[in-house]
Structures are given as C-alpha cells and as structure tokens.
Amino acid sequence: MFTAADSDFAPPVEYAVAVDRFLDSAGLSPASQRVYRIALTTWAWMLVERESPVGVARRGASAPVVPLGLVDSADAPARLAAGFAAREASVGARTANRELAILRSALSWWRSQGWITSDPTAGIRRRAAEPAPGAGPLSEEQVRAVLRLRAPLREQALWHAVYDSGGGIERILALDVSDLDAGGRRTRPGVRGPALHWRPRTGQLLGFLAAGRATGPLFLTDRRAPAGTAARDRCPVTGRGRLSYRRAAEVFAEATRGLDGGGRGWTLRQLRRG
C-alpha cells in the first residue's frame, strides 16, 4: 500500500531510485519484490534500447543508469513497444503481459507522486496468451495439500471459503463482516446474491477472522488503508483496507509455488470448486 508520507521524498532523478521507492511503498512480500524488481530492471534496458541480460545473469543485473525523465520523452513509447514485442517473442505472452502490468503499476504510482506526467505504455496492448499447462481445477489431492499449508489466518479462511462455497473470488472478497450468518455456515440470504455455504471448519476460520469486528470488510490488507479509500472498503476498527483480488492472487501463487511442479504457483480460480 502507498502512503502520503512517500510524497515527502524529493523527486528522484534516476529510474532505479524511483523503482526503489515504489517497491518500498508497495507492501509486497520479499519474493514478489524480487519479481517486480527484475521486471522493472528489464524495462530500464528497453528505455535505452539496449538488450537486457538473460537467464541467471538477468536476476542479479543492476539497472542501467537511466534518468527518470526519459519515461516522459517522445521516444519512450516506441522504445517500450518494441521492447515489449521482443519480450513476447522471447518469453511468451503470459510473462510479457505480467511484466507490462508491473511497469504500469509503477508508472501509475510515479504519476501520483508527480514525478512523471505521461504513460508511455498507453499504446501497448496485452497479448492473448494460451492457457498454461495444468491450468485446470486442482485435484482433490492438490486441494488437500493447499489447505494443509501453514499460512496466516486470513489466507486459511479465504482459501477454505473459495473452495467450499464455489463462489466467485471477487464476490467473496467483497464480503463484509455483517454479511456472515450468525450460525457461521453461510452468508445471510439475499446478500450479494444467493447465499454462499461452507463446512464447519470454514465457518470457524471466518468467525476467528471477524472476531472483534461487527462491520467493515471481512478480508483486510496487512496495512492501513491509504487516504481517500472509500469508507465501505476500510475497517472502522483497524483502519485497514479491503483485500484486493490482485494481492490475494499474488499471495496464493507464492504460497503454492512449491506445490506446483512447474514452479509458477497455482491460481485462486484453480482452487474454486466448480
């Protein structure tokens, strides 16, 4: 999450410094920070029209010295578009699209700080990606392995609710504490559609998660919500915001990386029971 305190920094001159500040403020896990840094460093090479290191060398590579102002230059859109096309040809559409999303997150935050004024990726379109091998629903054995993982209460409750209810992930994340039925086995009828039902263990986990709170989002972020967050998406007790789908998916993929033979981690949609 980003805080107003980040605006107290003097505007950075170098792209690499802007990357550091973005990552410091983004509330990512250490593993995700590494992924984001690698992607943003790759985009830096594109900005100066140089080929980035590949393989193991890419992971430890430092960004070239790039003025942040180059992001606003007239040449930046064409350079990044060419670099994106090259990355797609090299690593596939799925990875290239993920790296594009990471850059756009950084650009959006830098613009909010007033450090840049434009979006040089505005003309780049995401590429259609073929479904990854093994992208179907998880088997019962895989689900059991997921639900046995040592994970924080929030994740345990969310994963159990996704699997048990078969409900849409976005709908589950949109639940408020007050949407839970007092019996703990479902949502109240008529709340955001048909009631969602789950087993006693899931109801117990959700009850623990909601303990001490009568209103506000059921699933919360780790940090306080930034200024300007809508009241419906902020917990009146803790001040934390509603957990986003993007963050929930990121945490799940990271947690299941060791269970996935491909090392990519699984998706929350794969966990959902059809």
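Model, not experiment: these values are computed from the prediction.

Q: Could you give an account of the environment of Ser105, naming the residues involved and the relevant values?
A: Inspection of the secondary structure puts Ser105 in helix α5 (residues 93-112). Residue classification places Ser105 among the buried positions, given a relative accessible area of 16%. Each C-alpha atom, one on Ser105 and one on Ala26, is 9.6 Å from the other, the two residues being 79 residues apart in sequence. Sequence-distant contacts of Ser105, that is, excluding residues within four places in its chain, are made with Phe22 and Arg246.

Q: Please provide a residue-by-residue account of the confidence of the model for the chain, values included.
A: On average, residues of the chain score 85 in pLDDT, and 87% of them are at 70 or above. Element-level mean pLDDT values for the chain span from 49 in helix α3 (residues 56-59) up to 95 in helix α7 (residues 153-165). The low-confidence segment residues 1-7, where pLDDT is below 50, has 17 contacts with residues more than four positions distant or belonging to other chains.

Q: Explain α7 to me, using residue names and the numbers behind them.
A: An ideal rise of 1.5 Å per residue puts 18 Å on 13 residues; α7 measures up with 18 Å between its terminal C-alpha atoms. Along α7, the residues that are buried comprise Arg154, Glu155, Ala157, Leu158, Trp159, His160, Ala161, Val162, Tyr163, Asp164 and Ser165. Lining the buried residues of α7 we find α6 (140-147), α8 (169-173), α9 (200-210), β1 (220-224), α10 (245-255) and α11 (268-271). Looking at the residues trailing α7, positive phi occurs at Gly166, about 70°.

Q: Explain α9 to me, using residue names and the numbers behind them.
A: Residues spaced three or four apart along an α-helix face the same direction, because each turn holds 3.6 residues. For α9, every residue scored as buried is listed here: Thr202, Gly203, Leu205, Leu206, Leu209 and Ala210. Buried residues of α9, seen end-on, are gathered within an arc of 160° and therefore sit on one face of the element. The secondary structure elements touched by the buried residues of α9 are α7. Gly212 lies just past α9 and shows a positive phi near 85°.

Q: Give me the lowdown on the side chain of Arg247, citing residues and values where you can.
A: Relative to the helices and strands, Arg247 resides in helix α10. Those residues in contact with Arg247 that sit more than four places away from it in its chain are Gly27, Leu28, Ser29 and Asp222.

Q: Can you lay out the packing of α6 against α7 for me, pointing to particular residues and giving the numbers?
A: Running from N to C, α6 and α7 point in directions that differ by 155°, and their axes come no closer than 10 Å. Considered as vectors, α6 and α7 are oriented roughly antiparallel to each other. The handedness of the crossing between α6 and α7 comes out as left-handed. On the side of α6, the interface is formed by Val143, Val146 and Leu147, while α7 contributes Trp159, His160 and Tyr163.

Q: Can you tell me about the nonpolar core, naming the residues and giving the values?
A: Tyr15, Phe22, Leu40, Trp43, Leu47, Leu68 and Trp110 are the most contacted members of the largest nonpolar core, which totals 32 residues. Among the secondary structure elements, those contributing two or more residues to this core are α1 (15-25), α2 (30-47), α4 (76-91) and α5. In terms of residue count, α5 provides more of this core than any other element does, eight residues in total. The contacts of Leu47, once residues within four sequence positions are left out, are Tyr15, Val66, Leu70, Val71, Ala76, Arg79 and Leu80. Residues Val146, Trp159, Leu243 and Trp266 belong to the second largest nonpolar core, which totals 30 residues.

Q: Provide a residue-level description of the pattern of salt bridges, including the pertinent values.
A: In total, this model carries 12 salt bridges according to the counting rule given. Arg154 is the partner of Asp222 in a salt bridge, and the nearest nitrogen-oxygen pair spans 3.3 Å. You can see Asp222 sitting in strand β1 and its partner Arg154 sitting in helix α7, a full 68 residues away along the chain. With a closest N to O distance of 2.2 Å, Glu250 and Arg247 form a salt bridge. With Glu250 and Arg247 both in helix α10, this residue pair falls three residues apart, about one helical turn. There is no split in this pair, since Glu250 and Arg247 are both buried. One network of salt bridges, with partners in common, ties together Glu49, Asp75 and Arg79.

Here is what the cut-offs are and how they apply
Residues numbered from 1 in each chain as written. Predicted model: local features only at pLDDT ≥ 70, side-chain atom pairs only at ≥ 80, totals over all residues. Heavy atoms only, no water. Helix = DSSP H or I, 4+ residues; strand = E, 2+ residues; numbered from the N terminus. Buried < 20%, exposed > 50% of the residue type's maximum accessible area, 1.4 Å probe, protein only. Contact = heavy atoms within 4.5 Å. pLDDT = per-residue confidence, 0-100. Expected span 1.5 Å × (residues − 1). Arc of directions from axis to C-beta. Axes fitted to C-alpha atoms, helices over the stretch in contact; angles between N-to-C directions. Parallel < 35°, antiparallel > 145°, perpendicular 65-115°, else oblique. Left-handed = near helix turned anticlockwise from the far one by under 90°. Core = buried A, V, L, I, M, F, W, Y, C linked by side-chain atoms within 4.5 Å. Salt bridge = Lys/Arg side-chain N within 4 Å of Asp/Glu carboxyl O.

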